[in-house]
Amino acid sequence: KTCNISSIDLNTSSNLPLCPKTPPKLVGPLATYSDSPSYEELEKLYPEVSSGGRYKPPDCISRHKVAIVLPYRNRDIHLRTFLKNIHPFLERQQLDYGIYVVEQAEGSKFNRALLMNIGYAEAIKIYDYQCFAFHDVDLIPQDDRNIYNCPSQPRHLTAAIDKYGYRLPYNSIFGGAVMLTRQQFQKVNGFSNKFFGWGGEDDDMWNRVKRKGYSVIRYPMNIARYRMIKHSRDKGNEPNPQSDSPSYEELEALYPEVSSGGRYKPSDCISRHRVAIIIPYRNRDL
Ligand code: UDH
């Protein structure tokens, strides 16, 4: 029987060896690019990447089939900077990967989580991806030992971001970029679709992951380093009231023991310390 040409994967490299467990060409800390080449320039820069942002190592069979899912609207410059950085980074990690930009139309509040769910659903129709990086477009990895492979437990990738002094702003943070296997993502039933506007969906995902008995893992802080491309809050992505930034009225109701002016002292003993917390502030609703 003659083979049907369309059923033959011309890229099948079954004679190739499996890629080594530790990719041999990693360089560690990276000097990142800040420019935003045009898409034509990007194609010329990275001819090894095929249409659809797909790549697999030419000389070995990758151990990981990875979809990078980017929630996106109106961040063209960021996207081009991201692509310039991310291709050489992922190629050195010898991943079999594809990049999925999921763009929301104008006219409605941004829903990052919903876009990531869509990216997942579409990516698995296209290829047998096993791991998924849900990734903000403005976060540029600064060390290629931060390998985007399938994690044993859901992985928070962006642990150390320059904007936060390369420290975790809070321990249960699960925003920026996270990595889950297909099985983990299915088990937690993806992200919630209900978060319109900025914030909340990432904390909800942390809860989903925990509720299913997973622990969250991170690479060491000297490896999980990212540069955030500077930007202001986008139109159509105003803070989501469902996210955990309660109104001042709610804060008053939550902490009735705090008196006006944010003052507090213990009610049952005399404190040993009089402390003023001073916050430099403009335009960052507290
Ligand atoms: N995005 C767009 N267009 C928009 C809004 C958001 O493309 O109009 C995408 C983009 O991928 C962006 C991501 O959604 O990188 C997140 O939005 P953001 O950049 O405004 O978020 P922010 O920089 O994220 O504030 C901070 C990192 C994690 C903090 C988590 C706190 N819970």
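Computed from a prediction, not measured in an experiment: that's the story for all the values here.

Colleague: Help me out: how do you make sense of the overall build of the protein in this one?
Modeller: From N to C terminus, the protein includes six helices and eight strands. Going residue by residue from the N terminus, the α and β elements of the protein occur as α-β-α-β-α-β-β-β-β-β-α-α-β-α. Each principal axis of the C-alpha atoms in the protein carries an extent, and together these give about 85 × 40 × 40 Å. The contacts of the protein with a sequence gap of at least 6 include a subset with a gap of at least 24, amounting to 82%.

Colleague: What is the right way to read the site of the ligand from this model?
Modeller: By nearness alone, 21 residues border the ligand, and R73, D136, V137, G175 and D234 come closest of all. Looking at the shell around the ligand, the elements that each hand over two or more residues are β1 (65-72) and α5 (201-211). In terms of residue count, the dominant contributor to the shell around the ligand is β1 (three residues). Considering only residue class, the shell around the ligand consists of seven nonpolar, six polar and eight charged.

Colleague: Quick question: what am I supposed to make of the sheet that holds strand β8 (residues 225-228) here?
Modeller: Note on sheets: strands pair through backbone hydrogen bonds, and any given pair is parallel or antiparallel. Strand order across the open sheet formed by three strands is β4-β8-β6, with mixed pairing between neighbours. A strand with exactly one partner marks an edge of an open sheet, and here the two such strands are β4 (139-141) and β6 (160-161). Bridge analysis of β4 against β8 gives three bridges, and the strand direction is antiparallel. Bridge pairing in β8 links P141 to Y226.

Colleague: How should the pairing of strand β3 (residues 131-135) be read in this particular structure?
Modeller: The side chains of a regular strand alternate, residue by residue, between the two faces of the sheet. Counting buried positions along β3 yields five of five residues, so the element is predominantly enclosed. Here β3 shows no split at all, with C131, A133 and H135 on one side and F132 and F134 on the other all buried. Of the pairings in the sheet, the one linking β1 to β3 comprises four bridges and is parallel in character. Looking across to β3, one finds that V69 is bridged to F134. Of the pairings in the sheet, the one linking β3 to strand β7 (residues 177-181) comprises five bridges and is antiparallel in character. Opposite F132, over in β7, you have L180 as the bridge partner.

Cut-offs and rules
Within every chain, residues take consecutive numbers counted from 1 along the sequence as written. Owing to the predicted nature of the model, reporting of local features is limited to residues with pLDDT of at least 70; listing and counting of side-chain atom pairs is limited to 80 or more, with chain, interface and lining totals taken over all residues. Counting from the N terminus, the helices are DSSP H or I runs at least four residues long and the strands are E runs at least two residues long. Whether two residues are in contact depends on their C-beta atoms, placed from the backbone: they are in contact if these lie within 7 Å. By definition, a residue lies near a molecule or strand provided its backbone-derived C-beta atom is within 6 Å of it. Following the grouping adopted for this structure description, the nonpolar residues are Ala, Val, Leu, Ile, Met, Phe, Trp, Tyr, Cys and Pro, the charged ones are Asp, Glu, Lys and Arg, and the polar ones are all others, Gly among them. The pairing criterion for strands is at least two bridges between them, as found by DSSP. Residues with at least 20 other C-beta atoms within 10 Å of their own are called buried, those with 12 or fewer are called exposed, and the rest are partly exposed. The C-beta atoms themselves are positioned from the backbone.

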